[in-house]
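# A look at the structure
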Amino acid sequence: MRKTSRRRFLEESLAVTGSFMVYPYRPDPREAERMARTPSRSPYPSYLSLFEDGRLKQRADDLKEIYRNCSLCPRDCRVDRTQKQLGKCQATAKLRISSAFPHFGEERPLVGQKGSGTIFLSHCNLRCIYCQNYTISIEGEGVDIPDERAAAAMLKLQNFGCHNINWVTPTHYLPSLINALTLAVPMGLKIPIVYNTSAYEKPEVLEYLDGVVDIYLPDFKYWDSAMAGKFSSEAYNYPHYARLAFKEMFRQVGDLMVDGKGVAQRGLMVRHLVLPNRAAGTREVLRFIAEELSRTTYVNIMRQYRPEHRAREHKEIDRRLTGAEYAEALAWAREFGLANLDR
Ligand code: SF4
């Protein structure tokens, strides 16, 4: 008889019943208490029930009002984007998209067999000087489209077989995206939304996404305020807001849950890009995740940093990561007991 691991056995049994699975782990009492405070796991995707009782449309309408005096993110620019006034992100109230395609380079639980249905939004509210997509995020490469076309793009990605709709850098277009979602549901959209963000978010704005977003994919970029200010266009308050945002996202969706084939259905998936010379504050970021969220948080510790755009102007980040620096990050993850690292 074929030998099977406990984990594989769980995966296979749950695939038959069609139930969810979580990675097997016994939380300590403090984590168990935190998990008990998270909402119960409802059928997915969550936005379908919000659509049915009209709350999704109401949220889209409420959010669209924010465009008039924009406070969607911690930059708090207070410009009227409906009148084409520009804040720090440089985005008007018209949705602008760089590309939409099935992406096979994301984390395995998002990619599955058929890819993650990725929609790259133009512009960005964080504006990191080393951004590898700076032509999109900073220079605003892309095309303006009505919300109806964004809804159609989501449907097309679903028809390709993608497992989810992955909004990349969505914060500054949240009102338009939620409105596009209200248009996509009657057209048949029924796969989970992935909210792929730098985590430069306001918790009160994230509350609009409670019951809309099933999978949060935030990147915890810096622990230190001085580094955030220096490398991300004076976002000195980034660490403060990121900590609040991570707690709110975790409150809404809890730990990652996957189906029998390992495809993400709901939960928090954290990214952390390690920077050279400890500029990202990796040790503190990992400690925060383990102690303030959960040690079973799915964490992708990323090693692919390369000095792009204006990174060459700063000697701390003017090189790639060394093997020793990445090994150090993994050792910290082990030290804090993080048990669900991306492989
Ligand atoms: S979304 Fe843009 S305009 Fe609005 S507060 Fe943030 S940076 Fe400013």
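Refer to the structure presented above.
These figures come from a predicted structure and were not determined experimentally.

Summing up its helical and strand segments, the chain has 13 helices and 10 strands in all. Across the 343 residues in the chain, those meeting the buried criterion constitute 45%. Long-range contacts, defined here as pairs at least 24 residues apart, represent 72% of the contacts in the chain between residues at least 6 apart.

Further remarks concern the nonpolar core. Counting 95 residues, the largest nonpolar core has Met154, Trp167 and Leu268 as its most contacted members. If we skip the residues at most four places from it in the chain, Trp167 touches Ile119, Leu121, Leu177, Ile193, Val194, Tyr195 and Asn196.

What follows concerns the site of the ligand. In the vicinity of the ligand lie 14 residues, with Cys70, Cys73, Cys77, Gly87 and Cys89 positioned nearest. Its residues assigned to classes, the shell around the ligand comprises 7 nonpolar, 4 polar and 3 charged.

Direction vectors running N to C along helix α12 (residues 282-293) and helix α13 (residues 323-335) enclose 25°, while the axes themselves pass 9 Å from each other. Regarding the angle of α12 to α13, the classification is roughly parallel. Handedness of the crossing formed by α12 with α13: right-handed. Seen from α12, the contacting residues are Thr282, Arg283 and Leu286; seen from α13, they are Ala329, Trp332 and Ala333.

In this structure, His272 sits in strand β8 (residues 264-273). Residue classification places His272 among the buried residues on the basis of 23 C-beta atoms within 10 Å. For the pair His272 and Ile301, spaced 29 residues apart in sequence, the C-alpha to C-alpha distance is 5.0 Å. Excluding residues within four positions of it along the chain, His272 makes contact with Asp219, Phe220, Ala280, Thr282, Val285, Val299, Ile301 and Met302.

Quick look at the pairing of strand β6 (residues 215-218) now. Across the two faces of β6 the burial is the same, with Ile215 and Leu217 and Tyr216 and Pro218 all buried. Note: strand β5 (residues 193-197) against β6, 4 bridges, orientation parallel. Among the inter-strand pairings, Thr197 is bridged to a residue of β6, identified as Pro218. Pairing analysis gives 2 bridges linking β6 to β8, with the strands arranged parallel. What sits directly across from Tyr216, in β8, is Leu268.

What follows concerns helix α8 (residues 174-187). Given a rise of 1.5 Å per residue, 14 residues ought to cover 20 Å, and the 20 Å separating the end C-alpha atoms of α8 matches this to within 8%. Across the 14 residues of α8, 11 count as buried, placing the element largely inside the fold. All of the buried residues in α8 are Leu174, Pro175, Ser176, Leu177, Ile178, Asn179, Ala180, Leu181, Thr182, Leu183 and Ala184. On its buried face, α8 is in contact with α3 (47-52), α4 (55-66), α7 (147-160), β4 (165-168) and α9 (203-206). Of the residues one or two after α8, Gly188 is the one with positive phi, at around 115°.

Within the element layout of this structure, Pro239 appears in helix α11 (residues 238-253). Sequence spacing of Pro239 and Met227 is 12 residues, and the spatial spacing of their C-alpha atoms is 9.6 Å.

The sheet contact formed by strand β1 (residues 96-103) and strand β3 (residues 143-144) spans 2 bridges and is antiparallel. Across the sheet, residue Ile97 finds its bridge partner in β3, namely Val143. Pairing between β1 and strand β2 (residues 116-121): 6 bridges, direction antiparallel. Bridged to Phe101 within β2 is Thr118.

Looking now at the packing of α4 against α8. Here α4 crosses α8 at 155°, and the two axes come no closer than 8 Å. If you check the angle between α4 and α8, you find them roughly antiparallel. Relative to α8, α4 is oriented so that their crossing is left-handed. Facing Leu56, Lys57, Arg59, Ala60, Leu63, Lys64 and Ile66 of α4, the residues of α8 in contact are Leu174, Pro175, Ile178, Asn179, Leu181 and Thr182. Class assignment for the residues of the contact of α4 with α8 results in 8 nonpolar, 2 polar and 3 charged.

End to end, α11 covers 22 Å across 16 residues, agreeing with the expected 22 Å (1.5 Å per residue, within 8%). Taken residue by residue, α11 has Tyr238, Pro239, Ala242, Ala245, Phe246, Met249, Phe250, Gln252 and Val253 as its buried positions. Taken end-on, α11 shows its buried residues confined to a sector of 155°, consistent with a single buried face. Buried residues along α11 sit against α9, β6, α10 (225-231), β8 and α12. Downstream of α11 by a residue or two, Gly254 has a phi angle that is positive, lying close to 65°.

The rules behind these values
- Residues numbered from 1 in each chain as written.
- Predicted model: local features only at pLDDT ≥ 70, side-chain atom pairs only at ≥ 80, totals over all residues.
- Helix = DSSP H or I, 4+ residues; strand = E, 2+ residues; numbered from the N terminus.
- Buried ≥ 20, exposed ≤ 12 C-beta atoms within 10 Å, placed from the backbone.
- Contact = placed C-beta atoms within 7 Å.
- Core = buried A, V, L, I, M, F, W, Y, C linked by C-beta atoms within 7 Å.
- Near = placed C-beta within 6 Å.
- Nonpolar A, V, L, I, M, F, W, Y, C, P; charged D, E, K, R; others polar.
- Axes fitted to C-alpha atoms, helices over the stretch in contact; angles between N-to-C directions.
- Parallel < 35°, antiparallel > 145°, perpendicular 65-115°, else oblique.
- Left-handed = near helix turned anticlockwise from the far one by under 90°.
- Pairing = 2+ DSSP bridges.
- Expected span 1.5 Å × (residues − 1).
- Arc of directions from axis to C-beta.

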